[in-house]
Amino acid sequence: MPEIRNFTLNFGPAHPAAHGVLRLVLEMDGEVIVRADPHIGLLHRGTEKLAETKPYNQSIGYMDRLDYVSMMSNEHGYVLALEKLLGITPPERALYIRTMFDEITRILNHLLWIGTHALDIGAMSMFIYAFREREDLMDAYEAVSGARLHASYYRPGGVYRDLPDSMPQHEVSRFCSEQEAKRLNENRQGSLLDFLEDFTQRFPAYVAEYESLLTDNRVWKQRLVNVGVVSPERALQLGLTGPMLRGSGVAWDIRKKQAYAAYDKVEFDIPVGTNGDSYDRYLVRMEEMLQSNQIIKQCIDWLRKNPGSVLVDDKNTPPTRLAMKQDMEALIHHFKLMTEGYCLPVGEAYAAVEHPKGEFGCYILSDGANKPYRLKIRAPGFPHLAALDEMVKGHMLADVVTIIGTQDIVFGEVDR
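Q: Even after reading the chapter, I still don't get the overall build of the chain, so can you show me in this structure?
A: A tally of helices and strands in the chain yields 18 helices and eight strands. Against the compact-globule benchmark of 22 Å for 416 residues, the chain has a radius of gyration of 23 Å, which places it among compact chains. Dimensions of the chain, computed from the C-alpha atoms along their principal axes, are close to 90 × 60 × 45 Å. For the chain, the residues scored as buried account for 53% of the 416 residues in total.

So, in structure tokens, the structure goes:
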């Protein structure tokens, strides 16, 4: 008799569907997966150790780079932990701005997720559609922070600055005709809030467009339904959070259960799945985008009616640019803050936010110095990747790609 044995296959580390530097060692019986061993640490950012060598305020920009698709949500988790230790509460306007930008970030994340997930499975058009809408929201990022990706906009005690009264305009160039520039600038004539309001009115039609491409598509359902099923009990045991947990039917959302920022003042629903498969997780994320759209609308209404300060007046927050240019004491204060930073009281704090991918938390241990004694980041993608072996067992090789896509992995936070 010929000896029949399983063979081992390398998936990655630079596989087009690996969503980062993931090396999977797959043990296969023909085309069926017997076991999957995720090898992580090939990116090795060392963020936690780097943060322990820098003043607190210089690590905010590092948070953006952890999950480079959910920038401001990462900042929020870190800044909340600092505020807990400092014992400060941001002004209400800053809380609403944070809530609004957290939801803009959620839509940005889910748009990139649906674009790349569909591309992995073989749907080309979806990628182009999703990036068309991301462009508008990236412009909103740019308007408040000057950067399209790594915003560094949140600060302990509020946000860097108030929302701008004007939007950047497209200019006529050899790549953009006068007619095209006029069309692109139509909804940029007012403030950032006007621009976002215009976006929120258009967005539900775009989501309907995506759904018409995918939701009832025969091939899409064949690739997702009953693939990577996780029961509600097992999802909790594996430490899954966010859409991965809600897709299994557990209605857990930190925004509702442990409200932060202005989430207790806005109305939204928590979408949950029933089967816990990849298709349910897809439906949950699609509905989440519409719920985020509703939250942004409510924040816009409130921000229009309530002007005010966006940064708490405290010795640990920098003075305004105007004060800095007119007053020597303010200039010295600014210089000391930007070079030495500020010291946090001795103690420890953990703060978590409902990041687009799940629970993102920061645990800070302070010894009274101007930098953390220890920073531990609880990234949502790490436990999801740990569950990969269980999720792919018994599936075909092609389903591995689907399951990595449905987990929405980004390696910056996994290999932190």
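The rest of the description comes next.
Q: Can you help me understand the sheet that holds strand E3 (residues 32-39) in this one?
A: In sheet architecture, strand pairing relies on hydrogen bonds along the backbone and comes in two forms, parallel and antiparallel. Taken in spatial order, the three strands line up as E1-E2-E3 in an open sheet, and their pairing is antiparallel. With partners counted over all chains shown, the strands left at the sheet margins are strand E1 (7-11) and E3, one partner each. The sheet shows a mean angle of 25 degrees between the axes of neighbouring strands, taken without regard to direction. Of the pairings in the sheet, the one linking E1 to strand E2 (residues 23-29) comprises five bridges and is antiparallel in character. By the bridge assignment, Asn10 is partnered in E2 with Val25. Along the sheet, helix H17 (residues 397-407) makes contact with E1, E2 and E3, crossing E2 at roughly 145 degrees.

Q: What should I look at first to understand the state of the cysteines in this one?
A: By definition, a disulfide links the sulfur atoms of two cysteines through a covalent bond. For the structure on display, the rule yields zero disulfides. Unpaired in terms of disulfides, Cys343 finds its nearest cysteine sulfur in Cys362, a separation of 19 Å.

Q: Honestly, the pairing of E2 in this entry has me stumped. Any pointers?
A: Regular strands place side chains that alternate from one sheet face to the opposite one. Where E2 lies against E3, seven bridges are found, and the strand directions are antiparallel. Its bridge partner lying in E3, Asp29 is registered against Val32. Here E2 hands over to E3 after two residues, with Gly30 in that stretch at a positive phi of 70 degrees.

Q: Any chance you could explain the packing of helix H4 (residues 92-121) against helix H7 (residues 192-214) here in plain terms?
A: For any two helices packed against each other, one specifies the crossing angle of their axes together with the interaxial distance. Running from N to C, H4 and H7 point in directions that differ by 30 degrees, and their axes come no closer than 13 Å. By the angle between their directions, the pair H4 and H7 is classed as roughly parallel. As H4 runs across H7, the sense of the crossing is left-handed. Counted together, Met100, Phe101, Ile104, Ile107, Leu111 and Ile114 of H4 and Leu192, Leu193, Leu196, Phe203, Tyr210 and Leu214 of H7 form the full contact between these two elements. Looking at side-chain class alone, the contact of H4 with H7 contains twelve nonpolar, no polar and no charged residues.

Q: How should the side chain of Asp136 be read in this particular structure?
A: Along the chain, Asp136 falls in helix H5 (residues 125-145). Those residues within four positions of Asp136 in sequence are excluded, and the remaining contacts are Arg188, Phe195, Phe199 and Arg202.

Q: How do you make sense of the packing of aromatic side chains when you look at a structure like this?
A: For any two aromatic rings, the description comes down to two numbers: the centre-to-centre distance and the angle of the planes. Following the criterion strictly, the structure yields twelve aromatic pairs and no others. Ring centres of Tyr96 and Trp302 lie 4.0 Å apart, and the angle between their planes is 5 degrees; this geometry places the pair in the stacked category. Placement of Tyr96 in helix H4 and of Trp302 in helix H12 (residues 278-305) is noted, with a sequence separation of 206 residues between them. The two residues Tyr96 and Trp302 agree in class, both being buried. Geometrically, the ring pair formed by Tyr263 and Phe268 is edge-to-face, given 6.1 Å between the ring centres and 70 degrees between the ring planes. Its relative accessible area of 5% is what places Phe268 among the buried residues. Ring pairing ties together the aromatic residues Phe101, Tyr141, Tyr153 and Tyr154, which thus form one cluster.

Q: Just to check I follow, could you spell out a nonpolar patch on the surface for this structure?
A: A contiguous nonpolar patch, built from Met328, Leu331 and Ile332 and spanning about 270 Å² of accessible area, is present on the exposed surface. Of note, Met328 is situated in helix H14 (residues 328-339). The exposure class of Met328 is exposed, given its relative accessible area of 54%.

Q: Where do I start with the pattern of salt bridges in this structure?
A: Side-chain pairs of opposite charge can arise where the charged atoms are in close proximity. Within this structure, the stated rule accounts for 28 salt bridges. A salt bridge links Glu197 to Arg304, with the shortest nitrogen-to-oxygen separation between them at 2.5 Å. Note that Glu197 is positioned in helix H7 and Arg304 in helix H12, a separation of 107 residues in sequence. The class for Glu197 is partly exposed, based on a relative accessible area of 27%. The closest approach of N and O atoms between Arg246 and Glu354, which form a salt bridge, is 3.1 Å. With Arg246 in helix H10 (residues 243-246) and Glu354 in strand E6 (residues 347-355), the pair connects residues that are 108 residues apart, well separated along the chain. Overall, Arg246 belongs to the buried group, its relative accessible area being 0%. By relative accessible area, which is 2% here, Glu354 ends up buried. When salt bridges that share partners are traced, they join Glu103, Arg106, Arg246, Asp253, Arg255, Glu288 and Glu354 into one network.

Calculation notes
Residues numbered from 1 in each chain as written. Predicted model: local features only at pLDDT ≥ 70, side-chain atom pairs only at ≥ 80, totals over all residues. Heavy atoms only, no water. Helix = DSSP H or I, 4+ residues; strand = E, 2+ residues; numbered from the N terminus. Rg over C-alpha atoms; globule rule 2.2 N^0.38 Å. Buried < 20%, exposed > 50% of the residue type's maximum accessible area, 1.4 Å probe, protein only. Pairing = 2+ DSSP bridges. Axes fitted to C-alpha atoms, helices over the stretch in contact; angles between N-to-C directions. Contact = heavy atoms within 4.5 Å. Disulfide = S-S within 2.5 Å. Parallel < 35°, antiparallel > 145°, perpendicular 65-115°, else oblique. Left-handed = near helix turned anticlockwise from the far one by under 90°. Nonpolar A, V, L, I, M, F, W, Y, C, P; charged D, E, K, R; others polar. Phe/Tyr/Trp six-rings, centres within 6.5 Å; stacked < 30°, edge-to-face > 60°. Patch = residues over 30% accessible without salt bridge, like charges linked within 9 Å, V, L, I, M, F, W, Y side chains within 5 Å. Areas by Shrake-Rupley, 256 points an atom, 1.4 Å probe, with all protein chains shown as cover. Salt bridge = Lys/Arg side-chain N within 4 Å of Asp/Glu carboxyl O.

By themselves, these figures tell us nothing about what the structure is for.
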